[in-house]
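Here is what each chain is made of, one letter per residue.
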Amino acid sequence: MATQHAAVVPGTVHLVDVSGAAPAGAKMRDGIQLVPRPSDDPEDPLNWSRGRKMLALAMTVVYTFGTGLPLTLQYSILADITADTGISTATLVEGTGYAFLLLGFGCLFWQPIALTYGRRGVYLISTLATVPLMVWTAYSKSGGEWFAHRIMLGFFCAPIEALPEVSIPDVFFAHERGAMMGVYVFSLFGSNFLAPLIGGWFNEAYGWKWTMYFGAIFAAVAFVIMFFFMEETMYFRQGLEGLEDEQDEIAVATAAAAGEKGEKSSSSSQTVSESPAAIYVKPTLAQKLAWFRKMDGRPTYQHMLKTMYMPFIYLYQFPIVLWAGFIYGINLCWYQVLNGTASPVLASAPYNWSSGLVGTIYVGPIVGAAIGCYWAGSIADKFTLWLARRNNGVREPEHRLWPLLITAVLGAIGLIMWGVGAQYHAHWAVLAVGLGILTCSVVAGGSVALSYNIDCYKDISGDTTTSVILVRNLMGFAIAYGITPWYTNMGLQNCFIMAGFLALGCTLTFLFMVWKGKDLRRASAERYWKYAAESSSAH
């Protein structure tokens, strides 16, 4: 298959029927071809009703908040934890860095299991494990204990980083992915921004230990909701994304040949055998509530083990995957910068804010995250369709990158507003607006990077997403160590002016991908179709 389809560029799909001459067999909706092609099975997640699809998306959001919020509750109350336990703030921050590291590398374990045995069980295990680990956090007495539960939380919560990026394409078509991916990225960052806000005020009312207990309760409630309402979205379909037109033509030709053969045989025989219609069985309630479901066509155990190391190979064989990880990672770096400086700046003179008020500053980032989600989601989807229509109905993944032109500028503005404003003790509203603008850029950049990776290499995106997350979290881990000495030695003003121009320059590298992205995809076509065929044949 790799040689047969080497001329087909991965990610280039005929998405819009602009001439009314869609290939025979193509499934359409409002003039848009449905990519990937849904099967005839009513239990195919692509065929679910709109309400059922939105419930699946809602459960992804519940999971993201159910694990993401408890994991980050400590951001605005580090000083109180230090005062009560004697664990230094530097040690607490270091533990958070280890959690981020395991959030990336843990995907190497959980993602292959989810791709082989089902998403639902991995989501449930991840959420349930968060409960006792958050309770343990409240009993921390030493740095070693803090490191231990942070590492374990990072490992068990790792699916939050890569599995939703698989679940969403399970259910939604190519022209819908951007908006739905934006909802997930908003949930991911939104939970991280909401946690310090809740944690700060909860700490003032009940103390830091009960703040950790609250995290455990929150995860437990999320687990119960997911247990009863989260459906399995894993579905093994025939065919590869990007080859729909070719497969439709083959199917029509095969059907025509079969029809001719049937006519000839009927003239010489009174009995004509017909192929039995496919029978689709609706799962029972017990099957729906099962943590894992045995499905026909699932990958072999050997293939599952192979996918545990393939993300490293994809990083050097597919430059686009590495670039997507870099863009997502650089945006995570600015998120880490925000978390690493918000409390030191606002808790000191002239602001002298309490932990509750420090948490309140995250209202700005929450608003910014919502705007970024809409910009990189719904707006980007509509813009991509507009560009596809202008391109004779053909969608290129690079069409999705143009929103980064605005986010590049916004990121620089937000960083400079925050750093220079803090240096000159500007009104807190200036800082809040700066953080909101920065977060809009961060969320939009992360969402575009994830969607671009999936659009380019959809049929191996379960593994390439892990590659992206590995790069992202390694960069986040590094900046967690570097931000404090960076702004301490350079000063807030110089540090954040430099960061602003770094953000601008790094994000503008998307212009190179707009120029050469298709050439890179074309050069990797033979490798991609080989891996995609192996993944498909392993089912």
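Residues numbered from 1 in each chain as written. Predicted model: local features only at pLDDT ≥ 70, side-chain atom pairs only at ≥ 80, totals over all residues. Heavy atoms only, no water.

> Where do I start with the packing of aromatic side chains in this structure?
The description of an aromatic ring pair uses the distance of the two centres, along with the angle that the planes make with each other. Summed over the entire model, instances satisfying the criterion amount to 31 aromatic pairs. Plain terms: the ring middles of Phe 318 and Tyr 457 are 4.8 Å apart, the flat faces sit at 55° to each other, and that makes the pair tilted. Here the residue Phe 318 occupies a position in the loop between helix H14 (310–317) and helix H15 (319–347), and Tyr 457 occupies one in the loop between helix H19 (428–456) and helix H20 (461–490), the gap between them amounting to 139 residues. Neither Phe 318 nor Tyr 457 differs from the other in exposure class; each is buried. Aromatic ring contacts, followed pair by pair, group Tyr 314, Phe 318, Tyr 457, Tyr 528, Trp 529 and Tyr 531 into a single cluster. Over the ring of Phe 227 we find Arg 120; its NZ or CZ atom is 5.3 Å from the centre of that ring. The positively charged end of Arg 527 is found above the aromatic ring belonging to Phe 318, 5.8 Å away from the centroid. (Phe/Tyr/Trp six-rings, centres within 6.5 Å; stacked < 30°, edge-to-face > 60°. Helix = DSSP H or I, 4+ residues; strand = E, 2+ residues; numbered from the N terminus. Buried < 20%, exposed > 50% of the residue type's maximum accessible area, 1.4 Å probe, protein only. Lys NZ or Arg CZ within 6 Å of the ring centre and 35° of its normal.)

> What am I meant to see in the side chain of Asp 44 here?
Within the fold, Asp 44 resides in the loop between strand S3 (32–33) and helix H1 (50–71). Aside from chain neighbours lying at most four places away, what touches Asp 44 is Pro 38, Ser 39, Tyr 235 and Arg 237. (Contact = heavy atoms within 4.5 Å.)

> Please explain helix H18 (residues 404–423) as it appears in this structure.
For an α-helix the count is 3.6 residues per turn, leaving residues at separations of three or four pointing the same way. Between its terminal C-alpha atoms H18 stretches 28 Å, which fits the 28 Å expected from 20 residues at 1.5 Å a residue. For H18, the full list of buried residues reads Leu 404, Thr 407, Ala 408, Gly 411, Ala 412, Gly 414, Leu 415, Trp 418, Gly 419, Gly 421 and Ala 422. Where H18 is buried, its residues meet H15, helix H17 (363–390), H19, helix H21 (492–507) and helix H22 (510–523). Two residues or fewer after H18 comes His 425, characterised by a positive phi angle close to 55°. (Expected span 1.5 Å × (residues − 1).)

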